[in-house]
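Descriptive structure summary
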Amino acid sequence: MGNPMRIRATEAGGVVEVKVLMSHIMETGQRKDASGNIVPAHFIQTVTVACNGKTVLSAEWGPAVSKDPFLSFKFKGAKKGDKVTVTWVDNKGDTRTDETAIA
């Protein structure tokens, strides 16, 4: 399980903007360490964002995404005070879920 995500969700004019900073090493499995050994792949595979239990974004990622990924998107159909929940699962089965209220 990684460090807590930094999530910001704001509503303006009926549109909610969500910004998420995830803490993850995102290893590709192609880099070698100082001894010449390959560093095993360890990256986020799926990201799901829900608002009040309804999925508003579902993404599949691969090893090409950078370390500590940043995600930003907009959606309609929510209001201030609603809960936004972000969940990721990586290729080793680790998972992280955090939530915030829309401001």
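Residues numbered from 1 in each chain as written. Predicted model: local features only at pLDDT ≥ 70, side-chain atom pairs only at ≥ 80, totals over all residues. Heavy atoms only, no water.

If you look the protein up in an unreviewed UniProt entry, it shows as SoxZ from Pandoraea pneumonica.

1. Considerations on the overall build of the protein
Counting its secondary structure elements, the protein contains 0 helices and 7 strands. Shown N-terminal to C-terminal, the secondary structure of the protein runs as helices and strands in the order β-β-β-β-β-β-β. Seen through its C-alpha atoms, the protein measures out along the principal axes to roughly 55 × 20 × 20 Å. Here the protein displays about 6,100 Å² of accessible surface, and carbon together with sulfur accounts for 49% of that area. A distance of 6 Å separates the average location of the 14 positive side-chain charges in the protein from that of its 11 negative side-chain charges. (Helix = DSSP H or I, 4+ residues; strand = E, 2+ residues; numbered from the N terminus. Areas by Shrake-Rupley, 256 points an atom, 1.4 Å probe, with all protein chains shown as cover. Lys, Arg positive; Asp, Glu negative; His and termini not counted. Charge placed at Lys NZ, Arg CZ, Asp CG, Glu CD.)

2. Re the packing of aromatic side chains
The description of an aromatic ring pair rests on the distance of the ring centres and on the angle between the ring planes. Evaluation of the coordinates by the stated rule reveals 1 aromatic pair. An angle of 25 degrees between the planes, with centres 6.1 Å apart, marks the rings of Phe-73 and Phe-75 as stacked. (Phe/Tyr/Trp six-rings, centres within 6.5 Å; stacked < 30°, edge-to-face > 60°.)

3. With respect to a positive patch on the surface
A surface patch of like charges, here positive, comprises Arg-6, Arg-8, Lys-19 and Lys-74. Within the secondary structure, Arg-6 sits in strand S1 (residues 6-12). A relative accessible area of 61% places Arg-6 in the exposed class. (Patch = residues over 30% accessible without salt bridge, like charges linked within 9 Å, V, L, I, M, F, W, Y side chains within 5 Å. Salt bridge = Lys/Arg side-chain N within 4 Å of Asp/Glu carboxyl O. Buried < 20%, exposed > 50% of the residue type's maximum accessible area, 1.4 Å probe, protein only.)

4. Comments concerning the sheet that holds strand S6 (residues 83-90)
The antiparallel open sheet is built from 4 strands, whose spatial order is S4-S3-S6-S7. Each edge of the sheet is formed by a strand with only one pairing partner; in this case those strands are strand S4 (54-60) and strand S7 (95-101). Direction aside, the axes of adjacent strands within the sheet are offset by 15 degrees on average. Of the strand pairs in this sheet, S6 and S7 are connected by 7 bridges, and their pairing is antiparallel. Looking across to S7, one finds that Thr-87 is bridged to Thr-97. (Pairing = 2+ DSSP bridges. Axes fitted to C-alpha atoms, helices over the stretch in contact; angles between N-to-C directions.)

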